[in-house]
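# Chain and residue survey
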Amino acid sequence: MINKVILVGRLGKDPDIRYTPDGTMVTTFRIATDEQWKDKNGEKVQRTEWHQIVTYRKLAEICGNYLVKGKLVFIEGRIQTRSWEDKEGIKRYTTEIIASDMKMLDSKGQNKTGDSSFDASPGGINNGDAQLDDVPF
């Protein structure tokens, strides 16, 4: 069985950074993907889909430091659906992409420190084995 997702989209806002009770860093952010087509009248139609992305550990650190609103990114990961009960006791669901790989596709851009000289790594960042020493900055 395979659970694999590949998305290319732009961040809707800067990533949110938090930590689990055991101290693991987690970032969450949303990216938008667009689909365009012409309807039966020849009119251009566009639909935007929003995806909730979750990263952990070193990949979360990289995303937290270098991703900003509007940045174009490649995300690879798996789909996960969680459930919880809201304040009224109603069961709610959310579907997220748990990212295992991220590539920054904008060749140059502003990071959160204002440094515009960062080039995206051609290999991207892998959530499972990325080390800060392996990142070219």
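All told, the structure shown has seven salt bridges when counted by the stated rule. Note that R82 is salt-bridged to E96, the shortest N-O span being 2.9 Å. In this pair, R82 is assigned in strand β5 (residues 72-85) and E96 in strand β6 (residues 91-104), connecting sequence segments 14 residues apart. Note on E96: relative accessible area 7%, which makes it buried.

Residues with a pLDDT of 70 or more make up 77% of the chain, whose mean pLDDT is 83. In this model, residues 113-137 is a region of pLDDT below 50 whose contacts with residues beyond four sequence positions or in other chains number 50 contacts.

So, about the nonpolar core. Among the nonpolar cores identified, the biggest contains 17 residues, and F29, I31, I53, L67, V73, I75 and M102 are the most heavily contacted of them. Contributing elements (two or more residues each) for this core: β1 (5-11), β3 (25-38), α1 (57-66), β5 and β6. Setting aside anything within four residues of it in sequence, one finds F29 in contact with L11, P15, H51, Q52, I53, T55, C63, L67 and I75.

Rules behind the numbers
- Residues numbered from 1 in each chain as written.
- Predicted model: local features only at pLDDT ≥ 70, side-chain atom pairs only at ≥ 80, totals over all residues.
- Heavy atoms only, no water.
- Salt bridge = Lys/Arg side-chain N within 4 Å of Asp/Glu carboxyl O.
- Helix = DSSP H or I, 4+ residues; strand = E, 2+ residues; numbered from the N terminus.
- Buried < 20%, exposed > 50% of the residue type's maximum accessible area, 1.4 Å probe, protein only.
- pLDDT = per-residue confidence, 0-100.
- Contact = heavy atoms within 4.5 Å.
- Core = buried A, V, L, I, M, F, W, Y, C linked by side-chain atoms within 4.5 Å.

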